[in-house]
Amino acid sequence: MDYVLKTNNLTKRFGFKKAVNGVSMTIRRGEIYGFIGKNGAGKTTLMRMVLGAAVPSGGSIELFGGEDLATARLRIGSLLESPNLYKNCSAFENLKRFSLLTGNSNEDIRSILRFVGLADTGSKKVGNFSLGMKQRLGIAIAMLGHPDFLILDEPVNGLDPEGIHSIRDLIIRLNRDLGITVLVSSHLLDELSKIVTTYGIINNGVLVEEISARELVEKCRRKLLITVDNVDKAVGVIKSSLGNVALGISGNTVIVDSHLEASGMLNDALVKSGVTVLELRRQTDTLENYFLERIGG
């Protein structure tokens, strides 16, 4: 498997507090990795360590299969929190100033501005840009080095729905059209769910779970919960009615992950077999509930 980032037991201490506590994270090439956690969970600190802006207290960082870190970091673009922009300059002039570090031509700059949707801003000063336009300009600056890996910390924070949509679309195109792997953090779970391929959940500095978007959808799908007076007998009846289906048991409740359309038939079969059905209901877990369960919310 081709990895862009692997951390092993990565740790960062501030005094006696571990802001990042033994995190072993894996991001595969081509992914959009959604990094989720409460404020102060350690997301920004971890991103800063990956970028070399903070020194780890322990553990290791591996980029692009083990390249020298100083060299590998030249292949990373980043936008942490709010972009630092020259407010009295145009979008082009901002990119021109930052391109002194990367050697981009004027045509490179115009191409990037077209890609992020700021080609028609002309001489308009950045101080008069909307917050969404400033965020897109920040991403444009991160693109100057033609990165293979992009790190975005809360890029939609504070944006209106139109701004969120434009940033979401931009991240998708960066990944799909340019092949850039993206690590993005956000509190807006619904927005992340529309673009990410893998989630990393961090709480109090600890990486609680890494899970693919496909696995998460499977875990959050609708379930049939049947509470009965005799679980063992109910399981036999349900398997006899549905075949060798996978079932879960929680106390006196049997959990059926499929065949939701058979709820009426199952109720009838259980009653005819002498099983008292105390409750039968459908349940759908939300993304928000799933994450809150894992971060103690």
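Anything mentioned here points back to the structure above.
Thresholds, definitions, all that
- Residues numbered from 1 in each chain as written.
- Predicted model: local features only at pLDDT ≥ 70, side-chain atom pairs only at ≥ 80, totals over all residues.
- Heavy atoms only, no water.
- 1 Å grid on protein atoms, 1.4 Å probe; cavity = no way out; pocket = protein on both sides within 12 Å on 5 of 7 lines; lining within 4 Å.
- Points joined across faces, edges and corners; volume = space filled by probe spheres on them.
- Helix = DSSP H or I, 4+ residues; strand = E, 2+ residues; numbered from the N terminus.
- Nonpolar A, V, L, I, M, F, W, Y, C, P; charged D, E, K, R; others polar.
- Pairing = 2+ DSSP bridges.
- Axes fitted to C-alpha atoms, helices over the stretch in contact; angles between N-to-C directions.
- Contact = heavy atoms within 4.5 Å.
- Phe/Tyr/Trp six-rings, centres within 6.5 Å; stacked < 30°, edge-to-face > 60°.
- Buried < 20%, exposed > 50% of the residue type's maximum accessible area, 1.4 Å probe, protein only.
- Lys NZ or Arg CZ within 6 Å of the ring centre and 35° of its normal.
- Salt bridge = Lys/Arg side-chain N within 4 Å of Asp/Glu carboxyl O.
- Polar contact = N/O pair within 3.5 Å; in protein donor to acceptor, adjacent residues only side chain to side chain.

## Examining empty space enclosed by the protein
Counting across every chain of the model gives one cavity of 30 Å³ or more. Empty space within the largest cavity amounts to approximately 80 Å³. Taken together, Pro 155, Val 156, Ile 164, Arg 168, Ile 171, Val 184, Ser 186, Glu 191, Leu 192 and Ile 195 make up the full set of residues lining the largest cavity. At the level of elements, α6 (161-178) and α7 (189-192) are the ones that each hand at least two residues to the lining of the largest cavity. If you tally residues by element for the lining of the largest cavity, the top one is α6, at three residues. Of the residues contributing to the lining of the largest cavity, the split by class is seven nonpolar, one polar and two charged.

## A closer look at the layout of surface pockets
Estimates place the volume of the largest pocket at around 630 Å³. Lining the largest pocket are 23 residues, with Ile 76, Gly 77, Ser 78, Ile 141 and Ala 142 positioned closest to its centre. Of all the secondary structure elements, the ones that give two or more residues to the lining of the largest pocket are β6 (76-80) and α5 (131-142). Among the elements that take part in the lining of the largest pocket, β6 stands out by supplying five residues, more than any other. Classifying every residue of the lining of the largest pocket by side-chain character gives 13 nonpolar, eight polar and two charged.

## Things to note about the sheet that holds β6
Here six strands make up an open sheet; going across it, the order is β6-β7-β8-β4-β9-β10 and the pairing mixed. With one partner strand each, in any of the chains shown, β6 and β10 (206-212) form the two edges of the open sheet. Each adjacent strand pair in this sheet contributes to an overall mean axis angle of 15°, direction not counted. As defined by bridge partners, strand β4 (residues 32-36) adjoins strand β9 (residues 198-203) across four bridges and the pair is classed as parallel. Opposite Gly 34, over in β9, you have Tyr 199 as the bridge partner. Contacts between helix α11 (residues 287-294) and the sheet are confined to β4, β9 and β10, with β9 contributing the most and set at about 40° to the helix.

## Considering the packing of aromatic side chains
This model, assessed by the stated rule, comprises four aromatic pairs. With a centroid separation of 5.9 Å and an interplanar angle of 85°, the aromatic rings of Tyr 290 and Phe 291 are classed as edge-to-face. Summarising the burial analysis for this pair, Tyr 290 and Phe 291 share the class buried. The positively charged end of Arg 75 is found above the aromatic ring belonging to Phe 64, 3.8 Å away from the centroid. Lying over the aromatic face of Tyr 86, Arg 97 brings its terminal NZ or CZ to 4.7 Å of the ring centre.

## Side note on the pattern of salt bridges
Using the criterion set out here, one finds 13 salt bridges in the structure. Here Asp 177 ties to Arg 176 by a salt bridge, and the two come within 2.9 Å at their closest N and O atoms. The class for Arg 176 is exposed, based on a relative accessible area of 55%. Glu 279 is the partner of Arg 281 in a salt bridge, and the nearest nitrogen-oxygen pair spans 3.3 Å.

## Topic: the environment of Ser 212
In this fold, Ser 212 is placed in strand β10. Placed 15 residues apart in sequence, Ser 212 and Thr 197 show a C-alpha to C-alpha distance of 5.9 Å. Engagement of the side chain of Ser 212 in a polar contact is seen with the backbone nitrogen of Glu 215, the distance being 3.0 Å.

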